[in-house]
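# Breakdown of the fold
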Amino acid sequence: MSTQRCSGPSSFFLGCAFTIFSIGAALQGATATAKTVVLDDSGTQALDPAVALHWKSVAPSRTGNSNLMLGSATFRVRINVAPWLKRNARIYLVLPAQQPGPLSVSWTSQGKLLPGQLQSGTRALVYSGAISGAFLEDQLTFQFGVDGALVKRAFPVNFQFVMDE
C-alpha cells in the first residue's frame, strides 16, 4: 500500500477549501436546528380598523407606473415575551405573501421597536436585545403600498411577530 503526500500551494488551497466547506456545513447544521416561534401578539390593537387606500398620483404618468395605491394604519403593538424573560432575543415582523398581490410596508415606531420596511413574503428585524419585561409594547404607524390594478375589493393585511430560538 502506498501513500501519496501532497505538498505545495495547490494542496494548501485544497485544504483550505475543505476546511471552509466543513465550517459552512457545521454552521448550516446549527442554523437548521434553530426554531422559529410565532409570538403571541393577541394584545395588539388596530387604532385605524379600516385602511383607506388612495392613488399615489392624481394624474397618470407618462411611464405608466401610476397604479400605486397607498394607505396607512396605526397599531398599538403588545407582544407577550414572558417565556423569554431575562434572555436576549431577535424579534422579526413577518408579512406573508397574500392577496391581492405584492405589498410593500414601511413603519415608524415610538422607540421600543425598530422602524423599518419590507415586502410581502419577507421579514424584518424589529427588536434585538434583552427581554426585561413580560410584554414588548409600542405604537407602529404603517404605510402600505399595493398595485391598484390588483385591488378589486377590500382585503385584510396579515402580519405576525416571530423569534428564532
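Below, the structure is looked at part by part. Quick caveat, the model's predicted, so the values are computed rather than measured. (Residues numbered from 1 in each chain as written. Predicted model: local features only at pLDDT ≥ 70, side-chain atom pairs only at ≥ 80, totals over all residues. Heavy atoms only, no water.)

### Focus on the sheet that holds strand β1 (residues 36–38)
Going by this rule: Note: two strands are recorded as paired if DSSP finds a minimum of 2 bridges between them. What counts as a helix is a DSSP run of H or I of at least four residues, what counts as a strand is a run of E of at least two, and both are numbered from the N terminus. To define axes, lines are fitted to C-alpha atoms, for helices over the stretch in contact only, and angles between the resulting N-to-C directions are given on a 0 to 180 degree scale.
The sheet built from 4 strands is open, its strands ordered β1-β10-β5-β8 with antiparallel pairing. Each of the sheet's edge strands pairs with one partner strand only, and the pair in question is β1 and β8 (122–130). On average, each strand axis in the sheet is tilted by 30° relative to the strand beside it, whichever way the strands run. Relative to strand β10 (residues 160–164), β1 runs antiparallel, the two sharing 3 bridges. Residue pairing in the sheet places V37 in a bridge with M163 of β10.

### Points about the side chain of Q98
What counts here: Within 3.5 Å is the distance limit for a polar contact, defined as a pair of N or O atoms, with the added protein rule that one can donate a hydrogen and the other accept it, and that residues adjacent in sequence qualify only through two side-chain atoms. Whether two residues are in contact is decided by their heavy atoms, any of which lying within 4.5 Å being enough.
You can see Q98 is positioned in the loop between β5 (88–95) and β6 (103–108). A polar contact is formed between the side chain of Q98 and the backbone nitrogen of N158, at a distance of 2.8 Å. With sequence-adjacent residues up to four places away left out, Q98 is seen in contact with P156, V157 and N158.

### Overview of the pattern of salt bridges
Selection rule: Whenever a carboxyl oxygen of Asp or Glu lies within 4 Å of a side-chain nitrogen of Lys or Arg, that contact is scored as a salt bridge. The buried label applies to any residue whose accessible area, calculated with a 1.4 Å probe on protein chains only, is under 20% of its type's maximum; exposed applies above 50%, and partly exposed to all values in between.
Applying the stated criterion across every chain, the model contains 2 salt bridges. In this structure, D164 engages R123 in a salt bridge whose closest nitrogen and oxygen atoms are separated by 2.8 Å. Of the two residues, D164 is situated in strand β10 and R123 in strand β8; the sequence distance between them amounts to 41 residues. Overall, D164 belongs to the partly exposed group, its relative accessible area being 28%. Of the residues examined, R123 reaches a relative accessible area of 35% and is grouped as partly exposed.

### Some points on unusual backbone geometry
The linkage connecting Q99 with the following residue, P100, adopts the cis geometry, with an omega of 15°. Among the structural elements, P100 can be located in the loop between β5 and β6. Despite not being glycine, K86 shows a phi value in the positive range, around 65°. Looking at the secondary structure, you find K86 in the loop between β4 (68–80) and β5.

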